Amino acid sequence: MLSPQLFHNIFGAAFFLLLCCAQGKPPGIPPLPSFVRLPEYDEGFIPGFLPLVDNEMEDFIRQLEHQISRLAGVLSLEKMITASGGKLFATNGEKADFQTTLKKCKEVGGSIATPRNPGENDAILYFVKKFNAYAYLGIKESLIPSNFQFLDGTQLSYTNWHLSEPSGKGEEACVEMYTDGTWNDKKCNQNRLIVCQF
């Protein structure tokens, strides 16, 4: 059985990728086969509460967990998700500037990929290499030039700066990952690979 955290991470990544894959499809495309439909409601149900008994709810949760597990397997085979340190990282191959990346990740229930150790850095690097494109990270310059921090304002506990970086001296507030996994400070208006974490 999946842990609640892993279940939430896989569900968020799956939702992100399904939304991205659904864009541009013509109307009338039928829903994906084998997905669980919610049970029909009786006229006397209270909105917001599923009228299921415990056994039916448990069956429904088991079916949903099974489908999410299958979807996670498919996405892994398609190399659209990677995992490290309890986090899932996902991309759809699109590129955007830093603000748009933040927005897109938030829209799907995630956040911009933020490596906090070498394993997480490698998980993001996988996509950077696969798409041969640099990716923004969830790290920005603080009010002090050349002093970088996580987006929540905490100091970096792990870094992987490229030789002689950061070098922007207040001119480059965002951080990108190179195709060798090292980091570079960069202006935030460039289009980079969108990688989200869940």
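See the structure printed just above.
**Q** Would you mind showing me how to read the pairing of strand β8 (residues 183-186) here?
**A** Both faces of the sheet carry side chains from a regular strand, because those side chains alternate between them. Pairing between strand β7 (residues 174-177) and β8: four bridges, direction antiparallel. Counted as the bridge partner of C174 is K186 from β8. Connecting the antiparallel pair β7 and β8 is a turn made up of five residues, with G181 showing a positive phi of about 90°.

**Q** Would you mind showing me how to read the side chain of N121 here?
**A** Along the chain, N121 falls in helix α4 (residues 118-130). Residue classification places N121 among the buried positions, given a relative accessible area of 2%. Those residues in contact with N121 that sit more than four places away from it in its chain are P115, Y158, N160, M177, G181 and W183.

**Q** Would you explain helix α3 (residues 98-107) in this entry?
**A** Note on helix geometry: an α-helix contains 3.6 residues per turn, so any two residues three or four positions apart are oriented the same way. Residues of α3 that are buried: F98, T101 and C105. Down the axis of α3, the sector holding all buried residues measures 55°, keeping them to one side. Turned more than 90 degrees away from the buried face of α3, the exposed residues are Q99, K103, K106 and E107. The opening residue of α3 is D97, an N-cap whose side-chain oxygen sits 3.3 Å from the backbone nitrogen of Q99. Trailing α3 by a residue or two, G109 shows a phi angle of about 85°, which is positive.

**Q** For this particular structure, what's the right way to read the state of the cysteines?
**A** Two cysteines form a disulfide when their sulfur atoms are joined by a covalent bond. Tallying each qualifying case throughout the model produces two disulfides. Linked covalently through their sulfurs, C105 and C196 form a disulfide whose S-S length is 2.0 Å. Measuring the twist about the S-S bond at about -85°, one finds the C105-C196 disulfide to be left-handed. Here C105, found in helix α3, pairs with C196, found in strand β10 (residues 196-197); they are 91 residues apart in sequence, far enough to count as distant. The buried category is assigned to C196, whose relative accessible area is 0%. The partner cysteine of C174 in its disulfide is C188, sulfur to sulfur 1.9 Å. Taking the torsion about the sulfur-sulfur bond, which here is approximately 105°, the covalent link between C174 and C188 counts as right-handed. In this pair, C174 sits in strand β7 while C188 sits in the loop between β8 and β9 (192-193), placing the two residues 14 residues apart along the sequence. Residue classification places C174 among the buried residues on the basis of a relative accessible area of 0%.

What counts and what doesn't
- Residues numbered from 1 in each chain as written.
- Predicted model: local features only at pLDDT ≥ 70, side-chain atom pairs only at ≥ 80, totals over all residues.
- Heavy atoms only, no water.
- Pairing = 2+ DSSP bridges.
- Helix = DSSP H or I, 4+ residues; strand = E, 2+ residues; numbered from the N terminus.
- Buried < 20%, exposed > 50% of the residue type's maximum accessible area, 1.4 Å probe, protein only.
- Contact = heavy atoms within 4.5 Å.
- Arc of directions from axis to C-beta.
- Polar contact = N/O pair within 3.5 Å; in protein donor to acceptor, adjacent residues only side chain to side chain.
- Disulfide = S-S within 2.5 Å.

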